[in-house]
Amino acid sequence: MPPTNPDERINQLGLTIPDPFPSFGSYVMAVIDGTTLYTSGHVPFDGTALITGKLGDDLSTEQGARAARLAALSLLATLRAELGHLSRVRQILHVTGTVNAAPHFVDHTAVIDGASDLLVDVFATRGQHARLAVGVNSLPADMALELQAVIALHPRNGEHDA
Amino acid sequence: MPPTNPDERINQLGLTIPDPFPSFGSYVMAVIDGTTLYTSGHVPFDGTALITGKLGDDLSTEQGARAARLAALSLLATLRAELGHLSRVRQILHVTGTVNAAPHFVDHTAVIDGASDLLVDVFATRGQHARLAVGVNSLPADMALELQAVIALHPRNGEHDA
Amino acid sequence: MPPTNPDERINQLGLTIPDPFPSFGSYVMAVIDGTTLYTSGHVPFDGTALITGKLGDDLSTEQGARAARLAALSLLATLRAELGHLSRVRQILHVTGTVNAAPHFVDHTAVIDGASDLLVDVFATRGQHARLAVGVNSLPADMALELQAVIALHPRNGEHDA
C-alpha cells in the first residue's frame, strides 16, 4: 500500500517535479474557487524542448505516453506552486486529454494513460479520476498533447475533511 | 407533463438502460465531489459493438444521432450504477460532445441532439443542460463520438434541496 | 487601475454587448448550480453573420482573434441575460476555446487570446482564468471557433463574499 502523502510518494518514485511551466497567453495556469481548482492545458516539456508532432504520423504511441507523463509532471509542478504541497489535493476529479493526432489514430487511451498512471501512482485512490480523451487535428505550437484537470482540494486551514 | 421521477420516466419511454460500460484505461467512469458528479467520456455501444467511423465519411447524421442516443443511455447506466437511482440527479449542468468527423462535416448539432433530447426526455427540466459540441479528427478505437457530463446531485440523505 | 464594476468598464471600453445568441439545438446557453455557472459553446457572430471557416486555410490569425473577441462578447451577452448585471461575476474560472483549424495551424494561443484579453479588460483580476485552447477539424455550421466557460458567481442576495 503506497504512502498516502503524495509529496513522499514523489520521492519514493524517484520523480523530479520540474519548474512550473509558464502561461504563454492571456491566461493563468490555475484558478482556485473555494475547494475546487481548475487548471489550464499542460504541455509536454522534457526540460529542454516541447514534445511536438502528431500521434500516428510523427510520434509513436509509446512516445505519446511519455509526453503525457511529462504533461502530468508539469501539472504537478503547477499544483505544488499553487498549493505549497501536494497533500492539499483531496481528489483528482476530471482530466481532459487532447492528443494531436492523425485522422487514422486510434490509441488515444494508451497515450493519455501515461498521464493517468502517474497521477494514480502519486495520489493513489485520490488520483483516480474521470477522463475525456480525444484526438484533435492541431494544437498550439504543434504540441503532442495537452492535459487539463479539475481538482478538489482540502480546505486551506488544514482541517482536512477526509 | 412528464412524471418528475426519471426512473419511472425510463419505463414510460420504453427505454432499457444497458449494463454500465467499463473504463478501458487508467480512469474511472465517474467521480463524485460533494453534490457534483463528473463523468468520463461515454461511448456509443449497441449491446454488440461500438459504433465506429467518422461523421461525414462513414456515418450519416441520422446514424450519428442514434450513436449519441446510445452514448447517453450508457451515461444513464453509469449514473444508475453510481447513484442507485436516477432521482438523485438534481440537474444536468454541462455536456461535452465530441464527434469523430470529416473536416467538411457541419451537422454536429443534430448529432449531439440525439443525446440531449434523451436527457431532456428522461429528466425534463432537470435535464436541460449547457453544452459544447465539437468535431474531432480521431477518437479512441475510432468511436463515432464521446459524451461527457457534469451533473449536480441531491444530497445522499434524501433531504433534497429542490 | 480599471474600475471594478464590469458594467461600467463595458461602457468605458466603448463596447456594445450584442443580443444574446440563441441555442440552436437541444441545450440552453447557461446553467447555474449554486454559485457556479456553466455556459454552452459561444460562437462568433458580427451582428449579421457567423464568422465561418478554418484557421490556417480560410482565416488569418488576426481574423481568428477578432472572431474570438466576438464570441467573448456573445458570452457576456449570455451572462448579462442570465445574471442581470455583470457584477455578479466573482471569477472567470475556466475557458475552453476550440478553434476550427487546418492540421498545420499552430497559432491557437493568439486566436483565443482575442477572447481572453477582452475578459481581462472587462473583469480585471476577476477575468483571469485557466484555459484549454485546442484545434478541431470541424465545428457546427463551419464556425471559426467556440468559446465555453465555467464562472463563479457572487450569491444572488448581494452579500458578496469577496
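About the cut-offs
- Residues numbered from 1 in each chain as written.
- Chains lettered and ligands numbered in written order.
- Predicted model: local features only at pLDDT ≥ 70, side-chain atom pairs only at ≥ 80, totals over all residues.
- Least-squares fit on C-alpha atoms with pLDDT ≥ 70 in both.
- Helix = DSSP H or I, 4+ residues; strand = E, 2+ residues; numbered from the N terminus.
- Expected span 1.5 Å × (residues − 1).
- Bend = angle between axes of the 7 residues up to and from the residue.
- Buried ≥ 20, exposed ≤ 12 C-beta atoms within 10 Å, placed from the backbone.
- Contact = placed C-beta atoms within 7 Å.
- Nonpolar A, V, L, I, M, F, W, Y, C, P; charged D, E, K, R; others polar.
- Pairing = 2+ DSSP bridges.
- Axes fitted to C-alpha atoms, helices over the stretch in contact; angles between N-to-C directions.
- Parallel < 35°, antiparallel > 145°, perpendicular 65-115°, else oblique.
- Left-handed = near helix turned anticlockwise from the far one by under 90°.
- Right-handed = clockwise from strand over helix to strand, strands pointing away.

**Student:** Explanation requested: the relation of the copies chain C and chain B in the structure shown.
**Tutor:** Both copies of the chain are related by a screw-like operation: a rotation about an axis and a shift along it. Of the transformation superimposing chain C on chain B, the axial component is 0.0 Å and the angular component is 120°, with the fit at an RMSD of 0.0 Å. In symmetry terms, the pair is related by a three-fold rotation axis.

**Student:** Honestly, helix α3 (residues 108–123) of chain B in this entry has me stumped. Any pointers?
**Tutor:** An α-helix turns once per 3.6 residues; consequently, residues spaced three or four apart project the same way. All names here are of chain B. Along its 16 residues, α3 runs 23 Å from first to last C-alpha, staying within 8% of the 22 Å computed at 1.5 Å per residue. Taking the largest bend as the criterion, α3 deviates by roughly 35°, centred on Gly-114. With respect to burial, α3 is a largely interior element, 13 of its 16 residues being buried. Directly beyond the C-terminal end of α3, a positive phi value near 55° is found at Ala-124.

**Student:** Even after reading the chapter, I still don't get the interface of chain C and chain A, so can you show me in this structure?
**Tutor:** Where interface size is given, it is often the accessible area lost as the parts come together that is meant. The interface of chain C with chain A comprises 26 residues on the first partner and 24 residues on the second. If you list the elements that add at least two residues to the side of chain C that touches chain A, you get β3 (89–100), α3 (108–123), β4 (130–136) and β5 (145–153) of chain C. Its residues assigned to classes, the side of chain C that touches chain A comprises 14 nonpolar, nine polar and three charged.

**Student:** Sorry if this is basic, but what is going on with the relation of the copies chain C and chain A here?
**Tutor:** Superposition record for chain C on chain A: RMSD 0.0 Å, screw rotation 120°, translation along axis 0.0 Å. When you check the interface residues of chain C against chain A, a mere 8% turn up at the interface there too, and the two sides of the contact use different surfaces.

**Student:** I keep staring at the sheet that holds strand β1 (residues 30–33) of chain C and nothing clicks. Help me out?
**Tutor:** Within a sheet, each strand pairs with its neighbour through backbone hydrogen bonds, oriented either parallel or antiparallel. All names here are of chain C. If you walk across this open sheet you meet the five strands as β1-β2-β5-β3-β4, and the pairing is mixed. Unpaired on one side and paired on the other, β1 and β4 mark the two borders of the sheet. Ignoring strand direction, the axes of neighbouring strands in this sheet form an average angle of 15°. In terms of strand pairing, β1 meets strand β2 (residues 36–39) through four bridges, oriented antiparallel. The partner of Ala-30 across the bridge, within β2, is Thr-39.

**Student:** How should the packing of helix α2 (residues 61–83) of chain A against helix α3 (residues 108–123) of chain A be read in this particular structure?
**Tutor:** To describe two helices that pack against each other, one gives the angle between their axes and the distance between the axes. Residue and element names in this part refer to chain A. α3 packs onto α2 with a crossing angle of 40° between their chain directions and a minimal axis gap of 6 Å. Comparing their axes, α3 and α2 come out oblique. By crossing handedness, the relation of α2 to α3 is classed as right-handed. Residue-level inspection shows Thr-61, Gly-64, Ala-65, Arg-66, Ala-68, Arg-69, Ala-71, Ala-72 and Leu-76 of α2 in contact with α3, the latter providing Ala-110, Val-111, Ile-112, Asp-113, Gly-114, Ala-115, Leu-118, Leu-119 and Val-122. Residue composition of the contact of α2 with α3, grouped by class: 12 nonpolar, three polar and three charged.

**Student:** How should I be thinking about the interface of chain C and chain B in this particular structure?
**Tutor:** Taken together, the 24 residues of chain C in the interface contact 26 residues of chain B. At the level of elements, β1, β2, β3 and β5 of chain C are the ones that each hand at least two residues to the side of chain C that touches chain B. Classifying every residue of the side of chain C that touches chain B by side-chain character gives 11 nonpolar, 10 polar and three charged.

**Student:** Would you mind going over the sheet that holds strand β5 (residues 145–153) of chain B with me for this structure?
**Tutor:** Residues and elements named next belong to chain B. Here we have five strands laid out as an open sheet, ordered β1-β2-β5-β3-β4, and mixed in their pairing. Strand pairing shows two members of the sheet lacking a second neighbour, β1 (30–33) and β4 (130–136), which therefore form its edges. Taken pair by pair, the neighbouring strands of this sheet meet at an average axis angle of 15°, ignoring direction. Where strand β2 (residues 36–39) lies against β5, three bridges are found, and the strand directions are antiparallel. Pairing of Tyr-38 across the sheet is with Val-150, part of β5. Against the sheet, helix α2 (residues 61–83) touches β1, β2, β3 (89–100) and β5, its axis set at about 40° to β5. Running over the sheet, α3 touches β3, β4 and β5 and is turned about 160° from β3.

**Student:** Any chance you could explain the pairing of β4 of chain C here in plain terms?
**Tutor:** The two faces of the sheet receive side chains in turn, since in a regular strand these alternate between them. All names here are of chain C. Summarising burial for β4: seven of the seven residues are buried, a large majority. Where β3 lies against β4, seven bridges are found, and the strand directions are parallel. Bridge assignment links Val-95 to a residue of β4, and that residue is Arg-131. Handedness of the β-α-β unit built from β3, α3 and β4 comes out right-handed.

**Student:** Honestly, unusual backbone geometry in this entry has me stumped. Any pointers?
**Tutor:** Working note: non-glycine residues mostly have negative phi, and peptide bonds are mostly trans. Residue and element names in this part refer to chain C. Even without a glycine there, the phi angle at Ala-141 is positive, about 60°. Relative to the elements of secondary structure, Ala-141 occurs in the loop between β4 and β5. Residue classification places Ala-141 among the exposed positions, given that 12 C-beta atoms sit within 10 Å.

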